[in-house]
Amino acid sequence: MLATRVVQDQGVHVEGINFYTGFCVEGHTHAIRKRDRSRPKRNNALWVAEQLGIKMHIVDIVDEYKQVVFNPGYGYGANLNPCLDCKIFMVKKAREWIEKKGFDFVITGEVVGQRPKSQRKQTMPIVQRDSGIEDRLLRPLCARNLTETLPEREGWIDRDRLYNFSGRSRKPQMTLAKELGLQDYAQPAGGCCFLTDRSYSVRLQDMWNARGERRYELDDIMLLKVGRHIRPAPHFKLIVSREEGEGNFLRGYRNQYSSLELTSHGGPLALLDGVPSTDDINLAARIVGRYSQGRDSPRITLDFRTSRGQITALHVAPMNPDDMPDDWLI
Ligand code: SF4
């Protein structure tokens, strides 16, 4: 928002590109879960565009992005986040986009030293070189710390009216936001996608291990964001809803996965991923019982439903929490 406003204020026409990878934090989890109801449920990219009065182009890169996640040439960050390769990829896509649409340069909101892997002074030229954008990439918030770019040289942009922010502190940005009258903006802490999240990365790696290969579809990476994931054996796992919103979301997958749902008590909905045997299904039912309102009852009843809609009633004793090994919870 800041970078756009700074450039807009110099009379430049700006349009936004929002790349959709499927790993984005904003949007899904927030929309699915019932808690945090007070926070507006909105698509942040569109909301930002509306605030700035610009056109926003949402570009789906789910399939192309997989190669970035599987094989990042510059490696991963602390988790499965391929931040430097990701930035190179997105700037390259943006370059291709502007070349096709007749725009002159790309701006980003990057700040030198803000992120340990992708926004260091040494990595910024790498993004320019490997994406092919070279000097057509302007970073208005830290431009005065960097080499002059084409729009500055050509006089399209006045370098003196750009900024020299650096480092991890967000205070200068917050001050500028205030000056520009921007009061509401996405929270600056944390990464912009789930790949920076440790527990999400553990789940993703677990899924790859179970499949014996690095592979995912959009539904897979959506489901990794939702519920408790419990793997009692390498060949199957349960995804157990933690609250009503998640239960509703998981219910939408009942024609792709077999599922378990309590009928004797209130309780979560669980999907079964993999190829569980009859014993596994009974074990899964006991685990689901552990998270239900029947957890203290001697027996509970659940419907086991196949993805084709065949239903079998199961009667089991809920699992004692002490009997479930900690390492089953992914
Ligand atoms: S946090 Fe995610 S979206 Fe952001 S640069 Fe890193 S990998 Fe890319």
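For the structure given in this document, a descriptive report is provided here. Just so it is clear, the model here is predicted, and its values are computed rather than measured. (Residues numbered from 1 in each chain as written. Predicted model: local features only at pLDDT ≥ 70, side-chain atom pairs only at ≥ 80, totals over all residues. Heavy atoms only, no water.)

## Here we look at the site of the ligand
What surrounds the ligand is the set Tyr65, Pro82, Cys83, Cys86, Cys192, Cys193 and Thr196. Tallied by class, the residues present in the shell around the ligand amount to six nonpolar, one polar and no charged. (Near = heavy atom within 4 Å. Nonpolar A, V, L, I, M, F, W, Y, C, P; charged D, E, K, R; others polar.)

## Focus on empty space enclosed by the protein
For the structure shown, the criterion picks out one cavity of 30 Å³ or more. Here the largest cavity defines a volume of roughly 50 Å³. What lines the largest cavity is Met207, Arg211, Asp220, Leu223, Leu224, His229, Lys237, Ile239, Tyr257 and Asp273. Put simply, the parts of the chain that give the lining of the largest cavity at least two residues each are helix H9 (198–211), helix H10 (218–223) and strand E6 (236–240). Considered class by class, the residues forming the lining of the largest cavity number five nonpolar, one polar and four charged. (1 Å grid on protein atoms, 1.4 Å probe; cavity = no way out; pocket = protein on both sides within 12 Å on 5 of 7 lines; lining within 4 Å. Points joined across faces, edges and corners; volume = space filled by probe spheres on them. Helix = DSSP H or I, 4+ residues; strand = E, 2+ residues; numbered from the N terminus.)

## Re the side chain of Arg231
You can see Arg231 is positioned in strand E5 (residues 228–233). Setting aside anything within four residues of it in sequence, one finds Arg231 in contact with Asp206, Ala210, Phe236, Lys237, Trp328 and Ile330. (Contact = heavy atoms within 4.5 Å.)

## Overview of unusual backbone geometry
Here Glu134, not a glycine, exhibits a phi torsion of approximately 50°, which is positive. Looking at the element boundaries, Glu134 is found in the loop between helix H6 (123–131) and strand E4 (137–138).

## Points about the pattern of salt bridges
Taken as a whole, this structure holds 18 salt bridges when the rule is applied. Note that Arg5 is salt-bridged to Asp9, the shortest N-O span being 3.7 Å. A relative accessible area of 21% places Arg5 in the partly exposed class. What makes Asp9 partly exposed here is its relative accessible area of 41%. Members of the salt-bridge network, linked through shared partners, are Glu64, Lys92, Lys93 and Glu96. (Salt bridge = Lys/Arg side-chain N within 4 Å of Asp/Glu carboxyl O. Buried < 20%, exposed > 50% of the residue type's maximum accessible area, 1.4 Å probe, protein only.)

## Considerations on the environment of Gln122
Of note, Gln122 is situated in the loop between strand E3 (106–107) and H6. The spatial distance from the C-alpha of Gln122 to the C-alpha of Val112 is 9.2 Å, given a sequence separation of ten residues.

## Comments concerning the nonpolar core
Inside soluble globular proteins, nonpolar side chains tend to come together where they are buried. Among the nonpolar cores identified, the biggest contains 31 residues, and Phe23, Tyr65, Val69, Leu195, Leu204, Trp208 and Tyr216 are the most heavily contacted of them. Only helix H4 (62–70), helix H5 (83–101), H6 and H9 provide two or more residues apiece to this core. The element contributing the most residues to this core is H5, with eight residues. Those residues in contact with Trp208, other than ones at most four positions away along the chain, are Val69, Phe70, Leu80, Glu213, Arg214, Arg215 and Tyr216. (Core = buried A, V, L, I, M, F, W, Y, C linked by side-chain atoms within 4.5 Å.)

## With respect to the packing of aromatic side chains
Under the definition given, this model contains twelve aromatic pairs. Consider the rings of Phe249 and Tyr253, whose centres lie 5.5 Å apart with planes at 55°: the pair is tilted. Among the aromatic residues, those joined into a ring-pair cluster are Phe23, Tyr65, Phe70, Phe89, Phe194, Tyr200, Trp208 and Tyr216. (Phe/Tyr/Trp six-rings, centres within 6.5 Å; stacked < 30°, edge-to-face > 60°.)

## Some thoughts on helix H8 (residues 171–179)
Residues of H8 that are buried include every one of Gln173, Leu176 and Ala177, and no others. Axial view of H8: buried residues confined to an arc of 105°, hence all on one face. Opposite the buried face of H8, at more than 90 degrees from it, the exposed residues are Lys171, Lys178 and Glu179. Residues of H8 that are buried make contact with helix H1 (2–8). (Arc of directions from axis to C-beta.)

## So, H9
Across its 14 residues, H9 extends 20 Å between first and last C-alpha, which sits within 8% of the 20 Å expected from 1.5 Å per residue. When we look at burial in H9, the residues that qualify are Tyr200, Ser201, Arg203, Leu204, Asp206, Met207 and Trp208. In this structure, the buried residues of H9 make contact with H4, H10, E5 and E6. Remark: Gly212 follows H9 within two positions and exhibits a positive phi of approximately 75°. (Expected span 1.5 Å × (residues − 1).)

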